[in-house]
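Here is what each chain is made of, one letter per residue.
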Amino acid sequence: MKLNKNIEPQTFIQSNTISDEYKLQKFIETNNNSIFDANSYLINRDYTIIIDISASMATTDYPEGTTRWVAAQKYTLALAKKCEQLDPDGITVYMFAENFQRYDFVTSGKVKQIFEENKPQGGANLLTVLQDAINSYFQRKANGKTKPSGETILVVTDGVSSNRIGISQAIINASQRIDNNQEFRISFIQVGHEPHISKAIKSWEDELQGLGAKFDIVNSVTLDEIDKMTMTQALINSGQ
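Residues numbered from 1 in each chain as written. Predicted model: local features only at pLDDT ≥ 70, side-chain atom pairs only at ≥ 80, totals over all residues. Heavy atoms only, no water.

**Q** Can you help me understand the overall build of the protein chain in this one?
**A** Secondary structure summary: the protein chain contains seven helices and eight strands in total. Taking contacts inside the protein chain between residues at least 6 apart in sequence as the whole, the part at least 24 apart equals 80%. For the protein chain, the accessible area works out to roughly 10,900 Å², and carbon and sulfur atoms hold 47% of it. (Helix = DSSP H or I, 4+ residues; strand = E, 2+ residues; numbered from the N terminus. Contact = heavy atoms within 4.5 Å. Areas by Shrake-Rupley, 256 points an atom, 1.4 Å probe, with all protein chains shown as cover.)

Structure below.
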């Protein structure tokens, strides 16, 4: 399924300073247990970024009248640059609302263009896009086309789908098809400040092994946690 491409482009807004990207890069470099530890299993790995473009991403709840969409843009561009260093043949990017668009072999420079081609609209169907990304990994694995260290999927979203049970089952099923808990990871990056959303996302991290998951393959973090830059927690702890 694909998004209607005949939509009005939204101008990509960059930070007025280098602080956002600089802080993120320092966070990445400082945390030895984070998903971006260049000395870890994350080298020789594929990366997929799934980005929420549903209407709620137009909500203005960040400083200086910044929308969730713009906050996500700044973070995702810095994220894509680091992933590109670890996955030089290009990352996979999805934009999703009710439908989704997939972009393969994406460079960090292309991410900016992808944002310009899309804007928040419609509802959100996370299950369908997440299942497509999961299926893609296992299809490539069956064909011997995955990287030796596996894959990490990063989901940038401000909400949870109404089909939480379906998402939970998709994650459980994926966990049962891998050989260890580092082979295939799904990391949720929450945009926005809604506690009930944080709780819902956290449940995928904490509860699925009790529901039948072979491994705990889910991690979660918020943009606020990244912005605080405490350096005491990894962005996403790859061992948990």
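**Q** Teacher, can you tell me more about the packing of aromatic side chains here?
**A** Where two aromatic rings form a pair, the distance of their centres and the angle of their planes describe that pair. Applying the stated criterion across every chain yields a total of six aromatic pairs. Aromatic side chains Tyr-94 and Phe-100 sit 5.6 Å apart centroid to centroid with 70° between the ring planes, which places their arrangement in the edge-to-face category. Residue Phe-100 is classed as buried on the basis of its relative accessible area, which comes to 8%. Put simply, the rings of Tyr-137, Phe-138 and Phe-184 pair up and form one aromatic cluster. (Phe/Tyr/Trp six-rings, centres within 6.5 Å; stacked < 30°, edge-to-face > 60°. Buried < 20%, exposed > 50% of the residue type's maximum accessible area, 1.4 Å probe, protein only.)

**Q** Even after reading the chapter, I still don't get the sheet that holds strand β5 (residues 100-106), so can you show me in this structure?
**A** Sheets are built from strands that pair by backbone hydrogen bonding, the pairs being arranged parallel or antiparallel. Taken in spatial order, the six strands of this open sheet run β5-β4-β1-β6-β7-β8, and their pairing is mixed. Edge strands, defined here as strands with exactly one partner in the open sheet, are β5 and β8 (218-222). In this sheet, adjacent strand axes meet at a mean angle of 15° when their direction is disregarded. As paired strands, strand β1 (residues 46-52) and strand β4 (residues 91-96) are joined by five bridges and run parallel to one another. Bridge assignment links Ile-49 to a residue of β4, and that residue is Val-93. Against the sheet, helix α3 (residues 108-116) engages β1, β4 and β5, with an angle of about 160° to β5. (Pairing = 2+ DSSP bridges. Axes fitted to C-alpha atoms, helices over the stretch in contact; angles between N-to-C directions.)

**Q** Honestly, the environment of Ser-162 in this entry has me stumped. Any pointers?
**A** Tracing the backbone through its elements, the reader meets Ser-162 in the loop between β6 (151-157) and α5 (164-175). For Ser-162, a relative accessible area of 81% gives the class exposed. Through-space distance from the C-alpha of Ser-162 to that of Leu-127 is 9.2 Å; in sequence the pair is 35 residues apart.

**Q** What's the story with helix α2 (residues 68-86) in this structure? I'm lost.
**A** Note on helix geometry: an α-helix contains 3.6 residues per turn, so any two residues three or four positions apart are oriented the same way. A rise of 1.5 Å per residue sets the reference length of α2, with its 19 residues, at 27 Å; its end C-alpha atoms lie 27 Å apart and thus fit the reference within 8%. Here α2 lies mainly inside the structure; 15 of its 19 residues are buried. (Expected span 1.5 Å × (residues − 1).)

**Q** Even after reading the chapter, I still don't get unusual backbone geometry, so can you show me in this structure?
**A** Across residues other than glycine, the phi torsion is negative in most instances, and most of the peptide bonds are trans. Even without being glycine, Glu-64 reaches a positive phi, approximately 60°. One can find Glu-64 in the loop between β2 (60-62) and β3 (66-67). Although it is not a glycine, Phe-105 sits at a positive phi angle of roughly 55°. Positionally, Phe-105 belongs in strand β5. Using a relative accessible area of 66% as the deciding quantity, one classes Phe-105 as exposed.

**Q** Would you mind showing me how to read the packing of helix α4 (residues 126-142) against α5 here?
**A** The relative placement of two packed helices is expressed as an angle between their axes plus a distance between the axes. Orientation of α4 relative to α5, taken along the N-to-C sense of each, is 10°, at an axis distance of 10 Å. As summarised for this structure, α4 and α5 are arranged roughly parallel, according to the angle between their axes. Across from Leu-126, Leu-127, Leu-130, Gln-131, Ile-134 and Phe-138 in α4, the residues of α5 making contact are Gly-166, Ile-167, Ala-170, Ile-171 and Ala-174. Residue composition of the contact of α4 with α5, grouped by class: nine nonpolar, two polar and no charged. (Parallel < 35°, antiparallel > 145°, perpendicular 65-115°, else oblique. Nonpolar A, V, L, I, M, F, W, Y, C, P; charged D, E, K, R; others polar.)

**Q** Explain the pairing of β1 here, please?
**A** If a strand is regular, its side chains alternate between the two faces of the sheet. In terms of burial, β1 is a largely internal element, seven of the seven residues being buried. Relative to β6, β1 runs parallel, the two sharing six bridges. When the bridges of β6 are listed, Ile-51 appears paired with Val-156.

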